[in-house]
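Below, each chain spelled out in residue letters.
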Amino acid sequence: MVTPAYARPLRVMSLDQCADQYVLALVPEAELALSPRADDPDSWMRDAAFGRARIRPTLEAAVGFQPDVVVRYWGGEPRLLAALERRGARIVTIQDATDLNQVQDVIRTVSEGLEQPGRGQAMIMRMDRRLDGIEPLSRGSALYLTAGGFTAGPGTLIGAILGAAGYPNLATSPGFSAVSVERIALFPPTRFVLGFFDQVRADWRGPGRHPVVRRAAQGRTAARLPAAALSCPAWFAADAAAILADAR
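Residues numbered from 1 in each chain as written. Predicted model: local features only at pLDDT ≥ 70, side-chain atom pairs only at ≥ 80, totals over all residues. Heavy atoms only, no water.

## Side note on the sheet that holds strand β10 (residues 221-225)
We count it as follows: In this scheme, strands are said to pair when DSSP sees at least two bridges between them. For the purposes of this entry, the term helix denotes a DSSP run of H or I that reaches at least four residues, the term strand denotes a run of E that reaches at least two, and both are numbered from the N terminus. Axis angles are defined between N-to-C directions and span 0 to 180 degrees, where every axis is a line fitted to C-alpha atoms and, for a helix, only to the segment in contact.
One open sheet holds the three strands; their spatial order is β6-β9-β10, and the pairing between them is parallel. Edge positions in the sheet fall to β6 (143-146) and β10, since each has one partner strand and no second. Taken over all neighbouring pairs, the strand axes of this sheet differ in orientation by 20° on average, direction set aside. Two elements, strand β9 (residues 192-195) and β10, share four bridges in a ladder whose sense is parallel. In the strand pairing of β10, Leu194 is matched with Arg224.

This is the structure in structure tokens:
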């Protein structure tokens, strides 16, 4: 009697929380090894991570799992990645993105690396529909602020999200920069867009939670964007823009 041979499912290892989002969305039928933070509150796909295996990004764990594909954003140190490549694993790296077009480029790259270009294209089309649904209104300028007291200016994905939602960005310095409590007290913005404030334990004593800032933001907060929508250059950046636009 001949026993039929069955191909084992694709084994995909995720080395950080951003990679978790992509593998859960693009290859849910694969045998996944997710990062320890896959079901944290700031994970967009946390519900889909329920019941999935989670392992630490170490060589010992990776050798035991024997992944076919390894997906990463910032996770995994160079020696681990080199060792995985020597063992035949394909490394797919999520590049950073500073605008929504670049996010779509990232989706194409990762979906092709996971041999799911069709799903990637469907994800891009969903992004486009989400963005097209935003009413093209100017909603007045706003300052993005995190609980840690940082803002995001031109050349950041947050800045692109503000623009897509119709909010001119009050932060004019490129990249990320700190905002002092004194500046907000003396020159309070007309509108705030708050990010990461839903992480109760994060930056509990940060400038963004200072009583002066809290009073300045009272009645001037356009929206509170959840950390899960901001933690990764992924398709849900369009959801963050829609959340912001709908919160007017």
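We are not done yet, so read on.
## Digging into the state of the cysteines
We count it as follows: In this description, a disulfide is simply a cysteine sulfur pair whose atoms lie within 2.5 Å. Buried, partly exposed and exposed residues are distinguished by accessible area as a fraction of the type maximum, computed with a 1.4 Å probe on protein chains only: under 20%, between the cut-offs, and over 50%, respectively.
Taken as a whole, this structure holds one disulfide when the rule is applied. The disulfide that involves Cys18 links it to Cys232, with 1.9 Å between the sulfurs. Taking the sign of the S-S torsion, about 50° here, the bridge from Cys18 to Cys232 comes out right-handed. Here Cys232 lies in the loop between β10 and α9 (237-246) and Cys18 lies in helix α1 (residues 17-26), a separation of 214 residues in the sequence. You can call Cys232 buried: its relative accessible area is 3%.

## A word on the confidence of the model for the protein
Quick reminder of the rule: For every residue, the predictor assigns a confidence score, pLDDT, that lies between 0 and 100. Residue contacts follow a heavy-atom distance rule, with two residues in contact if any of their heavy atoms lie within 4.5 Å.
Per-residue pLDDT for the protein averages 92, and the proportion of residues at 70 or more is 94%. Between residues 1-5, whose pLDDT stays under 50, and residues either more than four places distant or in other chains, the model counts zero contacts.

## Observations regarding unusual backbone geometry
Note: most residues except glycine have negative phi, and most peptide bonds are trans. For Glu115, which is not glycine, the phi torsion reads 60° and is therefore positive. Of note, Phe196 is a non-glycine position whose phi angle comes to about 70°, a positive value. Relative to the helices and strands, Phe196 resides in the loop between β9 and α8 (211-217). Using a relative accessible area of 24% as the deciding quantity, one classes Phe196 as partly exposed.

## Quick look at the pairing of strand β2 (residues 31-34)
Applied cut-off: Clockwise travel from the first strand over the helix to the second, with the strands pointing away from the viewer, marks a crossover as right-handed.
Pairing of strand β1 (residues 11-14) with β2, which is carried by three bridges, proceeds in the parallel orientation. Its bridge partner lying in β2, Val12 is registered against Leu32. As a crossover connection, the stretch from β1 through α1 into β2 is right-handed.

## Structural notes on the packing of aromatic side chains
Any two aromatic rings considered together are summarised by their centre-to-centre distance and by the angle between their planes. The condition is simple: Between rings of Phe, Tyr and Trp, where Trp is taken as its six-membered ring, a pair exists when centres lie within 6.5 Å; planes separated by under 30 degrees are stacked, by over 60 edge-to-face, and by other angles tilted.
Inspection of the entire model under this criterion finds three aromatic pairs. Between Tyr22 and Trp235, the aromatic rings sit 5.5 Å apart at their centres with planes inclined by 85°, giving edge-to-face as the arrangement. With Tyr22 in helix α1 and Trp235 in the loop between β10 and α9, this pair connects stretches of sequence that are 213 residues apart. Take Tyr22: its relative accessible area is 0%, and that puts it in the buried class. Taking 5.0 Å as the distance between ring centres and 20° as the angle between the ring planes, the aromatic pair formed by Trp44 and Phe236 counts as stacked. Separated by 192 residues along the polypeptide, Trp44 in the loop between β2 and β3 (53-54) and Phe236 in the loop between β10 and α9 bring together distant segments of the chain.

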